[in-house]
Amino acid sequence: MRRQRSPVFYSLAAFFGLFVLFLYGPMITIFMLSLQGPDGALTFPVRSFGFYWLGQVFQEQRVGNFIEPFQRSLLLGALVMVLSVGCAVMASLAFRRRFKGSILIFYLTISSLIVPSILISLGIGVVFQVLGVQTNWFTSGLGAHLTWALPIAFLIMIGVFNRFNPAYEEAARDLGASGFATFGQIVLPLIAPSVVGVGLLCFTLSYDEFTRTSLISGQYNTLPLEIFGMTTNVTSPALYAVGTLTTLFSFSIILIAFIAYSLYSRRQRQ
Amino acid sequence: MTKLGKAVQSYLLVTPQTLVFLLFLLFPIVMIAVVSFWQFNGYAMVPAFSFENYLNVFQSEVTLKTYLNTFKFVALVWLFTLLIGYPVAYFLSFYVEELRWQVILFLVCTIPFWTSNIIRMISWVPLLGKGGLVNQLLLQLNLIQQPLEFLLYSDFAVVLGMVHLYIIFMIAPIFNSLMRIDRTLITAAEDMGASGLQIFQEVILPLSAPGIAIGSIFVVTLVMGEFVTVRLMGGGQAASVGKLIQTQIGSLQYPLAAANAILLLVVTLMLVVSILRVVDIRKEL
């Protein structure tokens, strides 16, 4: 049944178009402004075309460093990815059955998403202070990132298992496979595309996280914190160039996640 | 496997995740509550049991003003994310016909959420600044004689920035509940002679209410604790509870910041509970 497209369709489509412009427009402006020659400035018009400012990002900076925080963020992102996916897959496996306290644990997980983020930052900071331990990006920072990435990974994995057919598992078990063998040889290969996708999404969540880490990253900044520091100091398009580069980096991670997911699941269907 | 064995297995599987939340969510919040009764001697916090911090918070005129300002942000951001988010979700779920396109267009809406919030906010500067694109355009069209100052570093900019950052949290749950509506209900309503507007009012809107509620909970809680957007887009003048707490932490007044944080948590929970009282979301979970 294909209905005649009504005026409502066209007005909603136009509204949707404007919304997408609202989402991406600002990003496009800084892309344009970062592709300028040495005479470029922070505002339009674009004075000349060039890659000068993108190159500047990798030079020694007076006001901030880009390379080391980037490396830290990569490492932290990888840690968050592995831990979140590991915990979330295990927990979502358990959640396929009701058990005593499951609702409580579910609410604990959800509350991690909706608690005002400043409480996470302050709370972890206070704990470290009381214990007399230095805050650090790979301890307190890691914990803060997990409170954000893990609940999202968990919710997505719950959705994945909702659509998962338990018949394969039962068959394996009927054939005498142990719990571990069933998981390793049947369940994991089947959910692998989603696991890869979720992992990469957790990585970008950590890579871009700012609010929960802002007060507890310790002496060495992660990349978003370094960029935040730059916003007050840097008055050249180098700031936009950093923004363009990290946004392109995030985009490529999302793209890889998407491609990996679709390739993987296509291979499975064959 | 025995029933007991299964139960043990479930508990073992949820242990790592639960430990993470106990260590980095629950325990820190408990410590905030404890520290909120401690005292500050000018250098460090001292264990005590005093209500001084809370008295400070409740007697300060700044507190009330800051809360009123934060509520203003919450109300405006909630209203705009709903007014913009609902039509977007409605279009995607009812007017885009192929599932493939629904997925692709929904992903288009989601992608910015996975990129840096800081960069997304900085991106507004060349558009809204004094010499920004919007002002340049308006000046050239002779609509204004002087550049508009309220576009950036103002409450307007704060609300705009937050709507931009958080609208996906409204769209996703509404889209989810709209997609679940049984399409035969719409056909039935049509057959009984309901107009398009009636179908929307009597069928679609009530059935998508849980999605609206979940989205509202996300947006309200995110905005209540906001301090980054307020700092970057508000340019010093704008105030919010989150920013107030952050300033107190900056001057190492942890006990006072803790008392403020506990109040913030209580107020936020009250807002969540009142949303849950209006709409029953259990069906969605």
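All values reported here derive from a predicted model rather than from experimental measurement. The residue count restarts for each chain, going from 1 along the sequence in the order it is written. Both sets of labels track the order of writing: A upward for chains, 1 upward for ligands. Given that this is a predicted model, residues contribute local features only at a pLDDT of at least 70 and side-chain atom pairs are listed and counted only at 80 or more, while totals for whole chains, interfaces and linings are drawn from all residues. With hydrogens and water excluded, all non-hydrogen atoms of the structure serve as input to the side-chain values.

*Asks:* I'm lost on the confidence of the model for chain B in this one. Help?
*Replies:* A low pLDDT score tells you not to read the predicted coordinates there in detail. A residue-level look at chain B finds 98% of positions with pLDDT of 70 or above and a mean pLDDT of 89. Each residue carries a pLDDT score, the predictor's confidence in it, ranging from 0 to 100. By the criteria applied, helices consist of DSSP H or I runs no shorter than four residues and strands consist of E runs no shorter than two, each listed in order from the N terminus. For chain B, the element scoring lowest by mean pLDDT is strand E2 (residues 45–46) of chain B, at 80; helix H3 (residues 61–95) of chain B scores highest, at 94.

*Asks:* What is the right way to look at the pattern of salt bridges in this model?
*Replies:* Any two side chains of opposite charge can pair, on the condition that their charged atoms come close. All names here are of chain A. By definition, a salt bridge exists where a carboxyl oxygen of Asp or Glu is found within 4 Å of a side-chain nitrogen of Lys or Arg. Inspection of the entire model under this criterion finds five salt bridges over all chains. The closest approach of N and O atoms between arginine 72 and glutamate 68, which form a salt bridge, is 3.7 Å. You can see arginine 72 and its partner glutamate 68 sitting in helix H3 (residues 67–94), four residues apart, about one turn around the helix. Between glutamate 169 and arginine 96 there is a salt bridge, and its shortest N-O distance comes to 2.8 Å. Residue glutamate 169 is located in helix H7 (residues 167–174), and its partner arginine 96 is located in the loop between H3 and helix H4 (102–114); the two are separated by 73 residues in the primary sequence. Burial classification: accessible surface area is computed with a 1.4 Å probe over protein chains only, and a residue below 20% of its type maximum counts as buried, one above 50% as exposed, and the rest as partly exposed. Glutamate 169 gets classed as buried once you look at its relative accessible area, which sits at 7%. Note on arginine 96: relative accessible area 34%, which makes it partly exposed. What emerges from the salt-bridge pattern is a single network uniting Arg96, Glu169 and Arg173.

*Asks:* What is the right way to look at the interface of chain A and chain B in this model?
*Replies:* Interface size, as often reported, equals the accessible area lost upon joining of the parts. The criterion used for residue contact is that any of the two residues' heavy atoms lie within 4.5 Å. Between chain A and chain B, the residue contacts involve 85 residues of the former and 82 residues of the latter. The quantity reported as buried area is the accessible area (1.4 Å probe) lost by two parts once they are put together, taken as the sum for both. Both faces combined, the contact of chain A with chain B buries some 7500 Å², and carbon together with sulfur accounts for 82% of it. At the junction of chain A with chain B, the criterion picks out zero salt bridges. Those elements that provide at least two residues to the side of chain A that touches chain B are helix H1 (7–34), H3, H4, helix H5 (117–131), helix H6 (140–162), helix H8 (179–208), helix H9 (223–233) and helix H10 (238–269) of chain A. Looking at which element gives the most residues to the side of chain A that touches chain B, the answer is H1(A), with 16 residues. Note that Gly is not counted as nonpolar here; it falls among the polar residues with everything else outside the nonpolar set of Ala, Val, Leu, Ile, Met, Phe, Trp, Tyr, Cys and Pro and the charged set of Asp, Glu, Lys and Arg. Class assignment for the residues of the side of chain A that touches chain B results in 60 nonpolar, 19 polar and six charged.

*Asks:* Please explain a nonpolar patch on the surface as it appears in this structure.
*Replies:* Residues enter patches when their relative accessible area tops 30% and they take part in no salt bridge; the joining distance is 9 Å for like charges and 5 Å for the nonpolar side chains Val, Leu, Ile, Met, Phe, Trp and Tyr. Computed with the Shrake-Rupley method and a 1.4 Å probe, the accessible areas treat only the protein chains shown as cover for residues. A contiguous nonpolar patch, built from B:Leu19, B:Leu22, B:Leu26, B:Phe27, B:Val30 and B:Val34 and spanning about 470 Å² of accessible area, is present on the exposed surface. Relative to the elements of secondary structure, B:Leu19 occurs in helix H1 (residues 3–35).

*Asks:* Please explain the packing of aromatic side chains as it appears in this structure.
*Replies:* Two numbers describe a pair of aromatic rings. These are the distance of the centres and the angle of the planes. Pairs were defined over the aromatic rings of Phe, Tyr and Trp, the Trp ring being its six-membered one, requiring ring centres within 6.5 Å. Orientation was assigned from the angle between planes: stacked under 30 degrees, edge-to-face over 60, tilted for the rest. According to the stated counting rule, one finds 39 aromatic pairs over all chains in the structure shown. Members of the aromatic cluster, connected to one another through ring pairs, are A:Phe9, A:Tyr10, A:Phe16, B:Tyr86, B:Tyr90, B:Phe91, B:Phe94, B:Tyr95 and B:Phe200. The criterion for a charge sitting over a ring is simple: Lys NZ or Arg CZ within 6 Å of the ring centre, and within 35 degrees of the ring normal. The ring of A:Phe161 carries the charged tip of A:Arg96 above its face, separated from the ring centre by 4.9 Å. Taking the ring centre of B:Phe73 as reference, the NZ or CZ of B:Lys72 above it sits at 5.7 Å.

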